[in-house]
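Next come the chains, spelled out residue by residue.
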Amino acid sequence: MPFDRVIVSVALKTLKVCSVRLYFDFFREDEDGTRTKLAYGEHKAVWVTRDKDRNPVHAPFPDKIRDSFGKIISAHS
């Protein structure tokens, strides 16, 4: 509903050289702090570049992004 407070948690489910799968939980937070689960979902993302003909091709994550994933993994290990 409009003006509801929605909390979203995101978890790294799988990490590969060129792709990542994220898991999401969506909660409504009531005034007393209780949470009601509204939905969940997954998202798969693939890093893409263009070949010489401008067609999309998967590619390894850039160092900066791969390092960011590494920090997330280290923080939750």
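Here is what the cut-offs are and how they apply
- Residues numbered from 1 in each chain as written.
- Predicted model: local features only at pLDDT ≥ 70, side-chain atom pairs only at ≥ 80, totals over all residues.
- Heavy atoms only, no water.
- Helix = DSSP H or I, 4+ residues; strand = E, 2+ residues; numbered from the N terminus.
- Rg over C-alpha atoms; globule rule 2.2 N^0.38 Å.
- Buried < 20%, exposed > 50% of the residue type's maximum accessible area, 1.4 Å probe, protein only.
- Contact = heavy atoms within 4.5 Å.
- Polar contact = N/O pair within 3.5 Å; in protein donor to acceptor, adjacent residues only side chain to side chain.
- Pairing = 2+ DSSP bridges.
- Axes fitted to C-alpha atoms, helices over the stretch in contact; angles between N-to-C directions.
- Core = buried A, V, L, I, M, F, W, Y, C linked by side-chain atoms within 4.5 Å.

**Q** Tell me about the overall build of the protein chain, and name the residues and values.
**A** What the protein chain contains, in helices and strands, is one helix and five strands. Reading the protein chain from its N end, one meets helices and strands in the order β-β-β-β-β-α. For the protein chain, whose C-alpha radius of gyration is 17 Å, the value lies well above the compact-globule estimate of 11 Å for 77 residues. Along the three orthogonal principal directions, the C-alpha set of the protein chain runs to about 55 × 30 × 15 Å. Looking at the 77 residues of the protein chain, the share that counts as buried comes to 14%. When contacts within the protein chain are restricted to residue pairs at least 6 apart in sequence, long-range pairs at least 24 apart make up 27% of them.

**Q** Run through the side chain of Ser19, naming residues and quoting values.
**A** Looking at the secondary structure, you find Ser19 in strand β2 (residues 19-29). Contact partners of Ser19, with chain neighbours within four places excluded, come to Thr14, Lys44, Ala45, Val46 and Phe61.

**Q** How would you summarise the side chain of Asp25 if you had to cite specific residues and measurements?
**A** Looking at where Asp25 falls in the secondary structure, it is placed in strand β2. At 3.2 Å, the side chain of Asp25 and the side chain of Tyr23 are in polar contact. Setting aside chain neighbours within four positions, we find Asp25 in contact with Ile7, Val8, Ser9, Lys37, Ala39 and Tyr40.

**Q** Tell me what's going on with the environment of Asp25, and back it up with residues and numbers.
**A** For Asp25, a relative accessible area of 13% corresponds to the buried category. The sequence separation of Asp25 and Val46 amounts to 21 residues, and the corresponding C-alpha distance is 21 Å. Of note is the side chain of Asp25, whose polar atom sits 2.9 Å from the side chain of Lys37.

**Q** I'd like a description of the sheet that holds strand β3 (residues 35-46), backed by residues and values.
**A** The strands making up a sheet are joined through hydrogen bonds of the backbone, oriented either antiparallel or parallel. Ordered in space as β1-β2-β3, the three strands form an open sheet in which the pairing is antiparallel. The outermost strands of the open sheet, each flanked by one partner alone, are β1 (5-15) and β3. In this sheet, neighbouring strand axes are inclined to one another by 20° on average, regardless of whether the strands run parallel or antiparallel. Note: β1 against β2, ten bridges, orientation antiparallel.

**Q** Break down the nonpolar core for me, with residues and values.
**A** By size, the foremost hydrophobic cluster in this structure holds five residues: Val20, Leu22, Phe24, Phe61 and Phe69. The dominant element in this core, judged by the number of residues it contributes, is β2, at three residues. Ignoring any residue separated from it by four or fewer positions in sequence, one finds Phe24 in contact with Val8, Ser9, Val10, Ala39, Tyr40, Gly41 and His43.

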